[in-house]
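# Observations on the model geometry
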Amino acid sequence: ARPRPQNELDASNPSSSASRRAIGRGRARAIRSRAEPPARVVLSSDTSPSSSNATKKKREARAAMPGDGETAVTVDPPKQEDAPSASAPPKEKKEREPRLWEEWPGKDRFFCDGRCMTGPSPGALLGTTLTISIPVILFLAFVVPDVASEHGAAIWVFAVLLPAWSVTNLVITGTSDPGYLPRLPHPGPTPDGRARPRYREEIVEGTGKAVTVKWNDTCNFYQPPRAHHCSVNDDCVDKFDHHCPWVGTTIGRRNYRTFLFFVFGTLLMCVYVVCVCALQIQIKRDDLAAGTENRTTKAIEKAPVAMLVMIFAFVFFWFLGIMTCFHAYLVLTNQTTYESFRDGYGKDENPYWRGRLGNCAEAFCWRRPPSRFNFRGTKDQQPKLDDAWVAHLQGSVVPLPPRVDRKKKKTAKGRAEEHAEGGGDDGSDGSDEGEEGRGERRGAGSHLAELAAIKLEEKTAAGGADGEDADDESGYDAEAENKV
């Protein structure tokens, strides 16, 4: 008899390990056989152009008649309609229209998607804010608690309100529109074809006095009274005062009031800080025994932060005190910083004088005009300008000589009357102009040249005398014009 293999002996013996493994495999096969058969994935009708009709029918038949114990699952092919066809033109993406702050012609800086605007030097504004905030934090942390525990919680009220007032007005001043005027398209030549004069006369609203305004080549209009084109910001500013390096922007009609609040409030804050710091040193001195030597020096050693902050505030007190007195004088006389250094108006010749109370009311009580720009809007979303106002800015008026002769203290109106009476025949105005500033000399020279050219053209067109006689009759000889 043939001997049985070892694996058969192991399988016949239920106690062997091989037998147990065989039984386990059999049970696993039985469990898998009772489970559902795997689903057969059948593709439905294919929309690809490469497939034939016969292939489509076969696939549909297989999907309709699944095998025994099998489940037919229909999977749709990817849609081809979204694929761009070769004949269809590509869709052009609609470009977003730029907002005004993205194309702003000046040198201002914008942040937070045009919500915040600063001057060309935002670092100056940040530096001034930190210069105020850091000493204030030291003052509140090391000085105020000591003094408030001795003299009451009222010390905390002013210690918090005054710095908050100062910093708030500083930030508002540095992030506001100072009163920019829009740049207009060039109006073209005058109706009579002559060159547009560089200067013209304007009547100040409210006082009825005459001033001379200048044509702005950048913005293409005659600057309104008190307006000036700031070379730092590269914008024309209504009621231009000055460009402040501490705030980092220009001070004009719309932010001059908050600038005054910042200057006056910071001066009061410096006085308060000096007093409270000195009070803490006095408290430390009183805590020492009466017979102690160098009590003040030892008190300062116990309150070093108070001494440091007091010295810092005392230095700034003198600087801010001079600035406060100067701007108080400007408010009382209704002048700007630019006008004060350029013209130096007296009470009688100031065309903007409204009386002491009227001058103060204009600075502190008049409503601040709205901005002429929507910086986050497009060009079509800007506030509409008054057509009459634009026509007035770009209008043409017969020019007059510049505003004030400092040597004789005459207004522009008086000088115009002198020219009309023939006072400029001897060239005296040209010599007087030499005493004025560089800008007024240049303005007077162009004025006289334009008037002489106009009169020469009139004489030539009328068939009058030759150019030399016409020049003599006009009252502007070549020698006087060259002197100017």
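Residues numbered from 1 in each chain as written. Predicted model: local features only at pLDDT ≥ 70, side-chain atom pairs only at ≥ 80, totals over all residues. Heavy atoms only, no water.

### Observations concerning the overall build of the protein
Tallying secondary structure elements over the protein gives 16 helices and eleven strands in all. Counting across all 484 residues of the protein, residues that qualify as buried make up 37%. At a minimum sequence separation of 6, the contacts of the protein that also span at least 24 residues come to 63%. Looking at the protein as shown, the accessible area adds up to about 28,700 Å², and 58% of this sits on carbon and sulfur atoms. (Helix = DSSP H or I, 4+ residues; strand = E, 2+ residues; numbered from the N terminus. Buried < 20%, exposed > 50% of the residue type's maximum accessible area, 1.4 Å probe, protein only. Contact = heavy atoms within 4.5 Å. Areas by Shrake-Rupley, 256 points an atom, 1.4 Å probe, with all protein chains shown as cover.)

### Digging into the pairing of strand β6 (residues 210-216)
Two faces, one strand: in a regular strand the side chains alternate between the faces of the sheet. Of all seven residues that make up β6, five are buried, and the element is covered over most of its length. Connecting strand β5 (residues 199-203) to the antiparallel partner β6 that follows it, the hairpin turn spans six residues, and G206 within it adopts a positive phi of roughly 105°. The hairpin formed by β6 and strand β7 (residues 221-222) contains four residues between the paired strands, and N220 there has a positive phi angle of roughly 60°. (Pairing = 2+ DSSP bridges.)

### Some details on the environment of E339
Looking at where E339 falls in the secondary structure, it is placed in helix α9 (residues 337-342). Judged by its relative accessible area of 3%, E339 is buried. Taking the C-alpha atoms as reference, E339 lies 9.7 Å from H242; in sequence the two are 97 residues apart. Ignoring any residue separated from it by four or fewer positions in sequence, one finds E339 in contact with R226, N334, G344, Y345 and Y352.

### Focus: the packing of aromatic side chains
Inspection of the entire model under this criterion finds 19 aromatic pairs. Here the aromatic rings of W165 and F261 are separated by 5.5 Å at their centres, their planes lie at 50°, and the arrangement is tilted. Of this pair, W165 sits in helix α5 (residues 154-174) while F261 is found in helix α6 (residues 256-287), placing the two residues 96 residues apart along the sequence. Residue class for W165 comes out partly exposed when judged on its relative accessible area of 41%. Summarising the aromatic geometry, the rings of F261 and F364 are spaced 6.2 Å apart at their centres and angled 25° between planes, so their arrangement reads as stacked. A residue pair is termed long-range when its members are at least 10 positions apart, and F261 in helix α6 and F364 in helix α10 (residues 356-364) qualify at 103 residues. Taking the relative accessible area as the measure of exposure, F261 reaches 24% and is therefore partly exposed. Take F364: its relative accessible area is 28%, and that puts it in the partly exposed class. Ring-pair connections join several aromatic residues into one group, and the members of that group are W101, W104, F110, Y180, F373 and F375. Its guanidinium or amino end placed over the ring of W215, R196 lies 5.1 Å from that ring's centre, counting from NZ or CZ. (Phe/Tyr/Trp six-rings, centres within 6.5 Å; stacked < 30°, edge-to-face > 60°. Lys NZ or Arg CZ within 6 Å of the ring centre and 35° of its normal.)

### A closer look at the layout of surface pockets
As a volume, the largest pocket reaches approximately 970 Å³. Forming the walls of the largest pocket are 30 residues, and the residues nearest its centre are E205, D238, R253, W366 and R372. Elements represented by at least two residues in the lining of the largest pocket include exactly β5, α6, α10 and α11 (387-393). Counted by class, the lining of the largest pocket contains twelve nonpolar, five polar and 13 charged residues. (1 Å grid on protein atoms, 1.4 Å probe; cavity = no way out; pocket = protein on both sides within 12 Å on 5 of 7 lines; lining within 4 Å. Points joined across faces, edges and corners; volume = space filled by probe spheres on them. Nonpolar A, V, L, I, M, F, W, Y, C, P; charged D, E, K, R; others polar.)

### Points about a nonpolar patch on the surface
Together, L126, L130, I134, L138 and F142 make up an exposed nonpolar region whose accessible area comes to about 470 Å². Looking at where I134 falls in the secondary structure, it is placed in helix α4 (residues 122-151). (Patch = residues over 30% accessible without salt bridge, like charges linked within 9 Å, V, L, I, M, F, W, Y side chains within 5 Å. Salt bridge = Lys/Arg side-chain N within 4 Å of Asp/Glu carboxyl O.)

### Here's the deal with empty space enclosed by the protein
Taking a probe equal in size to a water molecule and rolling it over the atoms shows the remaining empty space. In this structure the tally under the stated criterion is four cavities of 30 Å³ or more. Considered as a void within the structure, the largest cavity measures approximately 300 Å³ in volume. Together, 21 residues line the largest cavity, and I132, T266, M269, F316 and L320 are the ones closest to its centre. Listed by contribution, the elements that provide at least two residues to the lining of the largest cavity are α4, α6 and α8 (304-333).

### Observations concerning the pattern of salt bridges
Counted by the stated rule, this structure contains 15 salt bridges. Of the charged contacts in the structure, one is a salt bridge between D238 and R372, with a shortest N-O distance of 4.0 Å. On the criterion of sequence distance, the pair formed by D238 in the loop between β9 (235-237) and β10 (242-244) and R372 in the loop between α10 and α11 is long-range, its members being 134 residues apart. For D238, a relative accessible area of 10% gives the class buried. Salt bridges here are not isolated pairs; linked through shared partners, they connect R226, K239, E339, R354 and E362.

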